[in-house]
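# Architecture at a glance
Spelled out, the chains give:
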Amino acid sequence: MNGLFSARRWSVTLADSAALWQGFFFTLQVSLAGLAVALVVGTIFGTFSTTRSRILRGIARVYVEIYQNTPVVVQVFFMYTAGPQVIKAITGAQTITRIAPFVLGVVGVGLYHAAYVAEVIRTGIEAIPRGQMEAAQSQGFSRVQAYRYIILPQTLRIILPPLANQALNLVKNTSVLALIAGGDLMYQADVIVSQTGYLQGYILCCVMYFIICFPLAMLVSWLERRAKEPGGRAGGARGEKDAGGAGAAPGTTKGEVA
Amino acid sequence: MEIFTADNVTFMLQGLVNTIVIAAASIVLSILVGTVLALVKTYCTGKLRPLAWLVSAYIELFRCTPNLLWILIFRFTLKGSGVAISIAVFTTFTSAVMAEIVRGGLNAIPRGQFEAARSQGFGFFGMMWHIVLPQAFRHIVPALFSQCTTVIKDTSYLRGIDVHEFMRNSAVVMGQAVTLPQILLLYGFVFLTYFVLNFCISLAVRAYQRRLVAA
C-alpha cells in the first residue's frame, strides 16, 4: 500500500488519464445503447409472458431462464468467438469479419439484462388486478389499448425502482468488455496499470465508475421511497410491515440484485 | 480432432470444482459478514452512528463499481493462490449485497416482536439471535438463493486473472477447437453446465416459495 499517496505516481497516472476518459465515454455509450436494447427486448418478452398465448409465454420463459442462468461473460465470449464464424457460415462470405466491441457490448449486456427487465415487467403487469383489464375492455378499449392506457401507467410506479437497479447493474456488467480487449473504461484502466505498475489507474477507474453509478443508486433509493408513499397502491394495506419498527432507515431494498 | 477427450473433460471439471469451492466459500463468508454489516447499519444509533455511516459507505462503494475492478485490484495488491484471492474478493463485494438483503429482512419484522422480546428480558444479542434473525432469514431465503446464482455466474469474471475456474479452463480447451461445430459443442457444454447448476438453485427457491405459500 506504500506509494498510494505518492505524488509522482499520481502525476504519472493522471498524465495518461486521457485514455481513461475515452474509456469512460465508451462505457457510457455502451451502457446507454445496451439499456435501450434491454428495455425494448425485455418489455417484449415481459408482455409475452402475461399474454394468454401458451406459445408466447413459453418463448418468454425459455428466454428468461437461459439468459438468467448463464453468465454474461460466457454469453459475450460466445458471440466474440463463435459469432464471426456463424455469420460466415450463414452468409457464405470468404473471410471472417470480426464483430466490433461496441456491438458485442451492446448486444451482450443488452440481451442479458433484457431477461431481468422481462421479469420486472411481468411482475409489474401481474400486480395490476385483473378487474382493471375487464373494466377497460367493458369500456370499449381493445386489449392493446388497455395495456397502453390503463395497465402500463399503473405498472410504471411498481417497476421503475427495479428497472433503475437493472440499469445500475448493466453499467457494471459492461466491464465484461475488458476481458475481450473492448476499449471500455475497465480495459483502459488495466492497460494503464500494466504500463505504469501503479494502483492509481484502478483508483481513478473506480472513481469514474462511481460517477456513473452513484447517481443511479440514488435514483433507485428515491424511486423506492416514492413507490412507498401513500396514494400508491402499495400504501395502506400492509400496515404491520411498516418499516418504522426498530428505528430502521426508510427505503428498504427488497434485495433484488441481479 | 476430438475435443471431448477424457483429459479435456477432466480438466474442465476440475475448473468446475474450483468454481463451486470459490462460490460456496464466499457465499457462506459473505452471509456472515453481511449480517454483521446489516446489524451495524440498522441498529448503531446515537454515539455509534458513525459506524453505520461507514457501513453505508462500504455498501455504496461496492454497489457502484464493477466486480471485475475489485478482482483486478485484489490480484494486483495481494499475494497468494488464485482460489484464496478469489474467495477474498468475492467475499468482499458480496458482503455488501448480503448486508442489504439481510437489512431488508430485518425491516420486515414487526415492531411488536422487539417489544415482546424486550418485555421477556432478552438483551440485544439474545433478542437478535433467538427472535429477530431467525425470522429475518426466513423472509430473505429467496433473495439469498438468487444471490447464490449471481455469485456462481460472476465467478466467470475470474477468467480475467487466470484463476483455474470453469470458464477459464474451458477457454483453454477452446484453444483446441478449430471447426465451427467443435466450438458450438464446447460452448453448448459450458452453457449447459452453468445452466444446470443455476437452474437447480432457482427450482429450489421456487419449491421453498410454494411451501411458504402453502404453510
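Residues numbered from 1 in each chain as written. Chains lettered and ligands numbered in written order. Predicted model: local features only at pLDDT ≥ 70, side-chain atom pairs only at ≥ 80, totals over all residues.

Our focus in this paragraph is the overall build of chain B. Looking only at helices and strands, chain B has eight helices and zero strands in total. Mapped from its N terminus to its C terminus, chain B presents α and β elements in the order α-α-α-α-α-α-α-α. The principal-axis extent of the C-alpha atoms belonging to chain B is close to 75 × 45 × 25 Å. In chain B, which comprises 215 residues, the proportion classed as buried is 40%. Pairs at least 24 residues apart make up 76% of the contacts formed inside chain B by residues separated by at least 6 positions. (Helix = DSSP H or I, 4+ residues; strand = E, 2+ residues; numbered from the N terminus. Buried ≥ 20, exposed ≤ 12 C-beta atoms within 10 Å, placed from the backbone. Contact = placed C-beta atoms within 7 Å.)

The secondary structure content of chain A amounts to nine helices and zero strands. For chain A, the sequential pattern of α-helices and β-strands runs α-α-α-α-α-α-α-α-α. In chain A, buried positions account for 41% of the 258 residues. Across chain A, contacts joining residues at least 24 apart in sequence account for 76% of those joining residues at least 6 apart.

Residues and elements named next belong to chain A. Close contact between helix α2 (residues 17–48) and helix α7 (residues 143–173) brings their axes to 10 Å; oriented N to C, the two are set at 130°. Taken together, the axis directions place α2 and α7 in an arrangement best described as oblique. Remark: the crossing between α2 and α7 carries right-handed chirality. Here Ser31, Gly34, Leu35 and Ala38 of α2 lie close against α7, whose contacting residues are Gln166, Ala167, Leu170 and Val171. Among the residues making up the contact of α2 with α7, the classes are represented as five nonpolar, three polar and no charged. (Axes fitted to C-alpha atoms, helices over the stretch in contact; angles between N-to-C directions. Parallel < 35°, antiparallel > 145°, perpendicular 65-115°, else oblique. Left-handed = near helix turned anticlockwise from the far one by under 90°. Nonpolar A, V, L, I, M, F, W, Y, C, P; charged D, E, K, R; others polar.)

Turning to the interface of chain A and chain B, a few remarks are in order. Counting residues at the interface gives 42 residues for chain A and 48 residues for chain B. For the side of chain A that touches chain B, the elements supplying multiple residues, two or more each, are α3 (54–68), α4 (72–91), α8 (185–196) and α9 (200–228) of chain A. When residues of the side of chain A that touches chain B are assigned to their parent elements, the largest contribution, eight residues, is made by α9(A). Class assignment for the residues of the side of chain A that touches chain B results in 25 nonpolar, 10 polar and seven charged.

Turning our attention to the nonpolar core. Residues A:Val73, A:Ala114, A:Ala189, A:Cys205 and B:Leu69 are the most contacted members of the largest nonpolar core, which totals 109 residues. A per-element tally of this core places helix α5 (residues 101–126) of chain A first, with 13 residues. (Core = buried A, V, L, I, M, F, W, Y, C linked by C-beta atoms within 7 Å.)

Moving on, we come to α7(A). Helix length check: α7(A) (31 residues) gives 36 Å between terminal C-alpha atoms against 45 Å at 1.5 Å per residue, more than 12% under. Along its length, α7(A) reaches its greatest deviation from straightness, about 50°, at A:Ile159, and the proline A:Pro161 lies no more than four positions downstream. (Expected span 1.5 Å × (residues − 1). Bend = angle between axes of the 7 residues up to and from the residue.)

What follows covers the environment of A:Leu199. Residue and element names in this part refer to chain A. As for its position among the elements, Leu199 is in the loop between α8 and α9. Residue classification places Leu199 among the partly exposed positions, given that 18 C-beta atoms sit within 10 Å. Each C-alpha atom of the pair Leu199 and Gly58 lies 48 Å from the other, and the pair is 141 residues apart in sequence.

Attention now moves to the confidence of the model for chain B. When pLDDT is averaged across chain B, the result is 89; 99% of the residues are at 70 or more. What the predictor reports for the complex is a pTM of 0.85 with an ipTM of 0.88. (pLDDT = per-residue confidence, 0-100.)

Checked against the element boundaries, A:Ala178 lands in the loop between α7 and α8. Overall, A:Ala178 belongs to the buried group, with 27 C-beta atoms counted inside 10 Å. Measuring from C-alpha to C-alpha, the distance between A:Ala178 and A:Ala189 comes to 9.3 Å, with 11 residues separating the pair along the chain. Ignoring anything within four residues of it in the chain, the contact list for A:Ala178 reads A:Asp184, A:Met186, A:Tyr187, A:Asp190, B:Leu68 and B:Gly160.

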